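Survey of secondary and tertiary structure
Okay, here's what each chain looks like letter by letter:
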Amino acid sequence: MSIDWCNMSIIGTRTCMGSPMSKPLFLYKKLFVFLCAACLAIAPLFSGSRPKDATEPPPQEQAGGLVPGEPSMIGPHVIIEAPDVNPYSTNFFEVWAYLIADSEEYLDNSFPITDLGYFSAEVNTYGELVGVPNPKKLAGYPGRIHMVVACNSTSLTHFALDPDGKVRGKLIDDLVKATEDFDGLQIDFELVPKRDKDTFHSFIQELRRRLPHKILSVALPARTRTLKDDVYDYKRLSALVDKVFVMAYDEHWATSRPGPIASIDWCNNIAEHSLETIGREKLVMGLPFYGRTWGEVSLNRAFYFSGIQRTMRENGVTAADIMRKEHIPTFTYEVPSVTVTSYYDDVQSLSVRLDNYFDMGVKAVGFWCLGQEDPRIWSHLSVSQREEVTP
């Protein structure tokens, strides 16, 4: 495609064939080229400010297992491998994984998954429960299925939790009714206002009373220590539920400086605090399957493992360009006027994190989310058939 810049007119700037390009137009041209380069750089990536906003996952691509002397594949492509790939194999009493509704093709019933968090029902503008996924789509899955309900607005969460309003009682009734078709219910309210700490806890307590025969769980943000007046008080909330899914990821996020989604030492600190405050029987340690990019002109994105592989191929990144920082693979590439930095998890970094959790005595782990992973991880993870998983 060619553009006749000299004959364009922009907001009153006059130019003509054979005349020098005016300064405003020249700047617009540079800006246009700059933005085009940025768009080309991020085109292969799965965009979204948060991984939970995924709406258009890439085609399913399965990776082969690690065979000594043979390259690993993802679909028809050889995986561009970070150095030092020698993953550990671990087993846990429970393995949880989130599955986004309408992405059921990413679930393989042979995966060692005991519990699925089916994501997600939501609380709408009027405080009503909407978008309950259909568990019949998971026919044949042998494990437990938990309905996940999310509320990702501070004001809406306050509105829905208010014990003096009419919305809360109706929402609880609807949650109880919807959970009849599931093995459990998980509350994923990540923006509870600080002053609503007590109303949030009483909301969970009421659900516990109304769902005596269902598995009640909460998803909580990562903590390395107990915070004063914390809405997500691990010890207090764990006393009200059957399971606590600790989201030990997003140490670095879209608007932070570049860094691992979940560095190894950071995760170890979270696990230590979680084991102390929640306990082994109720704790599910969450791990990320996704990675992120950071760069100029809004290149900050979350993406799948298969997406990062396409990005490497299309931007000339080779195995020699990848390094590990505390087991986490990272690389940098450049397009005109833009430098992009990426951190992601592969089978090696995931296995290191899992092995650490196993050694610490964690009995259950979970992942956000199916379809985003380096699929080779499933060959190095198993579910213990024993009553106890002993490090």
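Since we're looking at a predicted model, the values are computed, not measured. (Residues numbered from 1 in each chain as written. Predicted model: local features only at pLDDT ≥ 70, side-chain atom pairs only at ≥ 80, totals over all residues. Heavy atoms only, no water.)

**Topic: the overall build of the chain**
What counts here: Secondary structure elements follow DSSP: runs of H or I of four or more residues count as helices, runs of E of two or more count as strands, with numbering from the N terminus. Residue burial is assigned from relative accessible area. The probe radius is 1.4 Å, only protein chains are included, and a residue is buried under 20% of its type maximum, exposed over 50%, and partly exposed in between. Contacts are residue-level and defined by heavy atoms, with any inter-residue pair within 4.5 Å sufficient.
Helix and strand content of the chain: eight helices and 18 strands. With 391 residues in all, the chain has 55% of them scored as buried. Long-range contacts, defined as pairs at least 24 residues apart, comprise 73% of the intrachain contacts of the chain with a sequence gap of at least 6.

**A few points about the sheet that holds strand β13 (residues 301-303)**
Condition: The criterion for strand pairing is that DSSP finds at least two bridges linking the strands in question. Axis angles are defined between N-to-C directions and span 0 to 180 degrees, where every axis is a line fitted to C-alpha atoms and, for a helix, only to the segment in contact.
One open sheet holds the five strands; their spatial order is β13-β12-β16-β15-β14, and the pairing between them is antiparallel. Taken across any chain shown, the strands that pair with only one partner, and hence form the sheet edges, are β13 and β14 (323-325). If you compare each strand with its neighbour and ignore which way they point, the axes differ by 30° on average. On the sheet, helix α7 (residues 305-314) packs against β13, β15 (328-335) and β16 (338-343) and is oriented at approximately 40° with respect to β15.

**Considering unusual backbone geometry**
Cis geometry marks the peptide bond from Phe 119 to Ser 120, where omega comes out at -20°. Residue placement: Ser 120 occurs in strand β5 (residues 115-123). Residues Trp 368 and Cys 369 are joined by a peptide bond in cis, for which omega reads -25°. Relative to the assigned elements, Cys 369 resides in the loop between β17 (364-368) and β18 (381-383). Despite not being glycine, Asp 84 has its phi angle at roughly 60°, a positive value.

**As for the environment of Asp 108**
The cut-off we apply is this: As used in this structure description, the phrase polar contact means that two N or O atoms lie within 3.5 Å; if the pair is within protein, one of them must be able to donate a hydrogen and the other to accept it, and residues adjacent in sequence are counted only when both atoms belong to side chains.
With respect to the helices and strands, the residue Asp 108 is situated in the loop between β4 (94-100) and β5. Taking the relative accessible area as the measure of exposure, Asp 108 reaches 34% and is therefore partly exposed. Taking the C-alpha atoms as reference points, Asp 108 and Gly 140, 32 residues apart in sequence, are found 9.9 Å from one another. Among the polar contacts listed, one links the side chain of Asp 108 to the side chain of Ser 110, at a separation of 2.7 Å.

**Considering the side chain of Thr 179**
Here Thr 179 lies in the loop between α3 (167-178) and β8 (184-188). Residue Thr 179 is classed as buried on the basis of its relative accessible area, which comes to 0%. Residues in contact with Thr 179, not counting those within four places in the same chain, are Met 147, Gly 184, Leu 185, Leu 211 and Lys 214.

**Thoughts on the pattern of salt bridges**
Worth spelling out the cut-off: Salt bridge criterion: a side-chain nitrogen from Lys or Arg within 4 Å of a carboxyl oxygen from Asp or Glu.
Evaluation of the coordinates by the stated rule reveals 17 salt bridges. Between Asp 102 and Lys 137 there is a salt bridge, with the nearest N and O atoms lying 3.1 Å from each other. Here the residue Asp 102 occupies a position in the loop between β4 and β5, and Lys 137 occupies one in the loop between β6 (129-130) and β7 (144-150), the gap between them amounting to 35 residues. Between Arg 292 and Asp 250 there is a salt bridge, and its shortest N-O distance comes to 3.3 Å. Taken together, the residues span a long stretch of sequence, with Arg 292 in strand β12 (residues 291-295) and Asp 250 in the loop between β10 (243-247) and α6 (264-277) at a distance of 42 residues. Assessed through its relative accessible area of 1%, Arg 292 is described here as buried. The partly exposed category is assigned to Asp 250, whose relative accessible area is 29%. Where salt bridges share partners, they join Glu 94, Asp 115, Arg 144 and Lys 243 into one cluster.

**Details of the pairing of β5**
With eight of nine residues buried, β5 lies mostly within the body of the structure. Taken together, the five bridges between β4 and β5 define a ladder with parallel strand orientation. What sits directly across from Tyr 98, in β5, is Gly 117. Relative to β7, β5 runs parallel, the two sharing six bridges. Following the sheet pairing, Asp 115 is matched in β7 by Arg 144. Taken together, the two bridges between β5 and β6 define a ladder with antiparallel strand orientation. Paired with Val 123 across the strands is Leu 129, a residue of β6. The antiparallel pairing of β5 with β6 creates a hairpin that spans five residues between the two strands, and Gly 127 there sits at a positive phi of about 80°.

**Focus on the packing of aromatic side chains**
Formally: Each pair of aromatic rings taken from Phe, Tyr and Trp, with Trp reduced to its six-membered ring, is defined by centres within 6.5 Å and is described as stacked if the planes are under 30 degrees apart, edge-to-face if over 60, and tilted in the remaining cases.
What the rule picks out here adds up to 17 aromatic pairs. Ring centres of Tyr 249 and Tyr 290 lie 6.2 Å apart, and the angle between their planes is 80°; this geometry places the pair in the edge-to-face category. Taken together, the positions of Tyr 249 in the loop between β10 and α6 and Tyr 290 in the loop between β11 (283-288) and β12 put the pair 41 residues apart, joining distant regions of the chain. Each member of the pair, Tyr 249 together with Tyr 290, is buried. Note on Phe 289 and Phe 367: the rings are 4.6 Å apart at their centroids and 5° apart in plane angle, and the pair reads as stacked. One end of the pair, Phe 289, is in the loop between β11 and β12; the other, Phe 367, is in strand β17, with 78 residues separating them in the sequence. Each member of the pair, Phe 289 as well as Phe 367, is classed as buried. Among the aromatic residues, ring-to-ring pairing joins Tyr 98, Phe 119, Phe 245 and Trp 368 into one connected group.

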